[in-house]
Amino acid sequence: THESVGESLTFYDSIYGYPVFASPKERSWKQFLAESKDHGWPSFRDPEVNWENVRVMPNGEVVSKDGTHLGHNLPDNAGNRFC
């Protein structure tokens, strides 16, 4: 399993292949999985975003630097949530 402290899973752009998210960071696997299950898909926080490769559009859409749709920013009481 991915329960080791400091271990994270990298998520890649499905078209261009570069890393866009790495999770969990600054939270546990249990927290990452619980939040993701609650929303039905992976849910990332600011520290987990690879900002070199990810953009947030004015309408909240999240895309890779080359335009691949990655989801939306749906902020909650804990801050930005990208899913």
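Please read all numbers here as calculations on a predicted model, not as lab measurements.

Caption draft 1: Region of interest: the nonpolar core. Membership of the largest hydrophobic core is limited to ten residues, which are Tyr18, Val20, Phe21, Trp29, Phe32, Phe44, Val49, Val54, Val62 and Phe82. Looking at this core, the elements with two or more residues in it are strand S2 (19-23) and helix H1 (29-39).

Caption draft 2: The arrangement of the sheet that holds strand S3 (residues 54-56) in detail. One open sheet holds the three strands; their spatial order is S3-S4-S5, and the pairing between them is antiparallel. Looking along the sheet, the strands with just one partner apiece sit at the ends: S3 and strand S5 (69-72). Neighbour to neighbour, the strand axes of the sheet diverge by 25 degrees on average, direction disregarded. Where strand S4 (residues 61-64) and S5 come together, three bridges link them in antiparallel fashion. Across the sheet, residue Val62 finds its bridge partner in S5, namely Gly71.

Caption draft 3: A look at the pattern of salt bridges. The tally for this structure, following the rule as stated, stands at five salt bridges. Ionic pairing is found between Glu35 and Arg45, a salt bridge with its closest N-O pair at 2.6 Å. Pair noted here: Glu35 is in helix H1 and Arg45 is in the loop between H1 and S3, with a separation of ten residues, a long-range link. An identical accessibility class is assigned to Glu35 and Arg45; each is buried. Among the ionic pairs, Arg81 bridges to Asp76, the shortest N-O distance being 3.6 Å. Taken together, the shared-partner salt bridges in this structure form one network comprising Arg27, Glu35, Arg45, Glu48, Asp76 and Arg81.

Rules used in this analysis
Residue numbering note: each chain is counted from 1, following its sequence as written. Owing to the predicted nature of the model, reporting of local features is limited to residues with pLDDT of at least 70; listing and counting of side-chain atom pairs is limited to 80 or more, with chain, interface and lining totals taken over all residues. Here the side-chain values reflect all heavy atoms present in the structure, with hydrogen atoms and water set aside. Buried residues of nine kinds, namely Ala, Val, Leu, Ile, Met, Phe, Trp, Tyr and Cys, make up a nonpolar core once their side-chain atoms join them within 4.5 Å. Partly exposed describes any residue whose relative accessible area lies between the buried limit of under 20% and the exposed limit of over 50%, with all areas from a 1.4 Å probe on protein chains only and scaled to the type maximum. Numbering of helices and strands runs from the N terminus, with a helix taken as a DSSP run of H or I at least four residues long and a strand as a DSSP run of E at least two residues long. Any two strands with at least two DSSP bridges between them are considered paired. Orientation is described by axes fitted as lines to C-alpha atoms, over the contacting stretch for helices, and by angles from 0 to 180 degrees between their N-to-C directions. We define a salt bridge as a contact between a side-chain nitrogen of Lys or Arg and a carboxyl oxygen of Asp or Glu at a distance within 4 Å.

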